[in-house]
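# Observations on the model geometry
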Amino acid sequence: MPGIPSVPSNPVRSFRYEAIFFPDIPPDAELAGYYARVLPDGVIASYAEVADRAAPAPDGFLTRAEDRISGKDALAVRERLRDAAGLSDEYVEVARHTTARRYPGVGQMIATTALYQRSNDYDPEHEYFCLGSHFAMTPEDDWRNSGFCASYDLDTAYYSLMPFGGFFGQSSPQTSPRYPVSPGDVIGKFLNTFDICGIFSGLFGHPVEFHAHDTTGVAWITECGYFTSRATGSLNLTPISEVVGKQPAVDDTAWHVLADIEIDTKLGWSRPGEQPPLSLPWGHLVLIRKAAGAA
């Protein structure tokens, strides 16, 4: 893999990095396909599909992969992530990945994560990165979205690959109200005023809970009420976290695990009198190393 195209303006204080994403597959599923290529701007983009062992993914993987990497939706998600993170021009996108996980007859989850490096941090001892994800849950048939949990873990290994050793700086979003009010949302405004105890949250709510387990683990839980537009459409979450790591030794060009991005659909989908079969958490790993020759 080539190094990222932007050379830090102060190379003594900031290394260049290479990064790749690899899907983290649970025992109850299998990797249906993985595709990666280097975009014209030097960003390493990849796409993977995870499928139930009893229900293989449909044909046309390469077409879907190209669309997720460079199609209109991919460009829209790319812009959404950068806007949500509020990144300055000093942050350079290093790699981006999308994993699609289909639950046959129930729904689908698409998870996109991008890694950015701050190219000039003026810090002789630390490196600064930003992780941003966009998760989109959609139902099938007559199921409705209920919710999911997404987490970032910086203290994880992958076979012989050791953690990079980073810790979290700032993260967003923080915990949000049960009834976020969009422009013209009369019901949300009314419920925020009068439903103080959250009695109707399971029907009309849309809360986001943020949990910081320690300096290396953060998680978000998002849910939606049964009668909200997000229940029948797309339930989205866009978490962003700053990651700070110690500058590696000059001769350390080994691969490390920067983070494990995990999605748990235990809350999943619902419909009257029925719950879908439980599935195990899944996600993708961010592998990183100092670019060869970087100084």
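So, here is what we can say about the structure in this document. Residue numbers here run from 1 along each chain, matching the order of that chain's written sequence. With the structure being a predicted model, the display of local features is reserved for residues of pLDDT at least 70 and the display and counting of side-chain atom pairs for 80 or more, all residues being used for whole-chain, interface and lining totals. Computation of side-chain values: all heavy atoms of the structure, hydrogens and water removed.

### Concerning the pairing of strand β13 (residues 256-270)
Cut-off, in case you're wondering: Burial status follows relative accessibility: with a 1.4 Å probe on protein chains alone, a residue under 20% of its type maximum counts as buried, one over 50% as exposed, and anything between as partly exposed. Strands here are runs of E lasting at least two residues and helices are runs of H or I lasting at least four, both read from the DSSP assignment and numbered beginning at the N terminus. Whether two strands pair depends on DSSP finding at least two bridges between them.
Taken across its 15 residues, β13 has 11 buried, putting it largely inside the fold. One ladder, built from 7 bridges, connects β13 with strand β14 (residues 282-290); its direction is antiparallel. Considered in β14, the bridge of Glu262 is made with Gly283.

### Quick look at a nonpolar patch on the surface
Here is the rule we go by: Nonpolar side chains (Val, Leu, Ile, Met, Phe, Trp, Tyr) within 5 Å and like charges within 9 Å form the patches, drawn only from residues with over 30% relative accessible area and no salt bridge. Residue-level accessible areas treat just the shown protein chains as cover; the underlying method is Shrake-Rupley with a 1.4 Å probe. Salt bridges are defined by distance alone: a side-chain nitrogen of Lys or Arg within 4 Å of a carboxyl oxygen of Asp or Glu.
On the surface, Phe22, Leu31 and Tyr34 cluster together to form a nonpolar patch covering roughly 230 Å² of accessible area. For Leu31, the location among the structural elements is in strand β2 (residues 29-38).

### Some words on the sheet that holds β14
Here is the rule: In this analysis, axes come from line fits to C-alpha atoms, helices being fitted only over the stretch in contact, and the angle between any two N-to-C directions falls in the range 0 to 180 degrees.
One open sheet accounts for 6 strands, arranged β1-β14-β13-β7-β10-β9; its pairing is antiparallel. One side of each edge strand has no neighbouring strand; the edge strands of this open sheet are β1 (17-24) and β9 (208-214). The sheet shows a mean angle of 15° between the axes of neighbouring strands, direction not considered.

### What about helix α2 (residues 72-85)?
Keep this limit in mind: Helix span, expected: 1.5 Å multiplied by one less than the number of residues in the helix. To obtain the arc, one takes the directions from the helix axis to the C-beta atoms. When checking whether two residues touch, look at their non-hydrogen atoms; a contact exists if any pair is within 4.5 Å.
The end-to-end C-alpha distance of α2, which contains 14 residues, comes to 20 Å, matching closely the 20 Å that a straight helix rising 1.5 Å per residue would cover. Taken residue by residue, α2 has Ala74, Val77, Arg78 and Leu81 as its buried positions. Burial along α2 is one-sided: seen end-on, the buried residues are contained in an arc of 105°. Projecting away from the buried face of α2 at angles above 90 degrees are the exposed residues Lys72 and Asp83. The inward-facing, buried residues of α2 contact α1 (61-70), β4 (91-103), β5 (107-118), β6 (126-139) and β12 (240-246). One or two positions beyond α2, positive phi appears at Gly86, with a value near 60°.

### Here we look at the nonpolar core
Rule in force here: To qualify as a nonpolar core, a set must consist of buried Ala, Val, Leu, Ile, Met, Phe, Trp, Tyr and Cys residues joined through side-chain atoms within 4.5 Å.
Counting 39 residues, the largest nonpolar core has Met109, Leu115, Leu131, Phe135, Phe148 and Val286 as its most contacted members. Once residues within four sequence positions are removed from consideration, Phe135 is found in contact with Met109, Ile110, Ala111, Phe148, Ala150, Leu235, Asn236, Leu237, Pro239, Ile261 and Ile263. One finds Val77, Leu81, Leu87 and Val244 within the second-largest nonpolar core, a separate group that totals 10 residues.

### Regarding the packing of aromatic side chains
To describe a pair of aromatic rings, you give the distance between the ring centres and the angle between the ring planes. To keep it simple, the criterion reads: Only the six-membered ring of Trp is used, alongside the rings of Phe and Tyr, when aromatic pairs are assigned; centres must lie within 6.5 Å, and planes under 30 degrees apart are stacked while those over 60 apart are edge-to-face, with the rest tilted.
Here the structure, examined in full by the defined rule, presents 13 aromatic pairs. Measuring from centroid to centroid gives 6.0 Å for Tyr17 and Phe164, while their planes differ by 80°, and the two rings are edge-to-face. Separated by 147 residues along the polypeptide, Tyr17 in strand β1 and Phe164 in the loop between β7 (144-153) and β8 (166-172) bring together distant segments of the chain. Each member of the pair Tyr17 and Phe164 is classed as buried.

### Some remarks on the pattern of salt bridges
With the rule as written, the count across this model stands at 10 salt bridges. As a salt-bridge pair, Arg37 and Glu66 come within 3.2 Å of each other at their nearest N and O atoms. Remark: Glu66 occurs in helix α1 and Arg37 occurs in strand β2; sequence separation between them is 29 residues. The exposure class of Arg37 is partly exposed, given its relative accessible area of 26%. Across the pair Glu93 and Arg78 runs a salt bridge whose closest N-O atoms are separated by 2.7 Å. Of the two residues, Glu93 is situated in strand β4 and Arg78 in helix α2; the sequence distance between them amounts to 15 residues. Each member of the pair, Glu93 together with Arg78, is buried. Sharing partners across several salt bridges, the network here consists of Asp41, Arg78, Glu93 and Arg96.

### Describing the packing of α1 against α2
In helix packing, the relevant descriptors are the interaxial angle and the interaxial distance, both defined with respect to the helix axes. Rule in force here: Left-handed describes a crossing in which the near helix is turned anticlockwise from the far one by less than a right angle; the clockwise case is right-handed. Asp, Glu, Lys and Arg are counted as charged, while Ala, Val, Leu, Ile, Met, Phe, Trp, Tyr, Cys and Pro are counted as nonpolar; the rest, among them Gly, fall into the polar class.
Two elements in contact, α1 and α2, have axes separated by 5 Å at closest approach and are oriented at 35°. For α1 against α2, the interelement crossing comes out right-handed. Packed against α1, whose contacting residues are Asp67, Arg68, Ile69 and Ser70, the element α2 presents Lys72, Ala74 and Leu75 at the interface. When the residues that make up the contact of α1 with α2 are grouped by side-chain class, the tally is 3 nonpolar, 1 polar and 3 charged.

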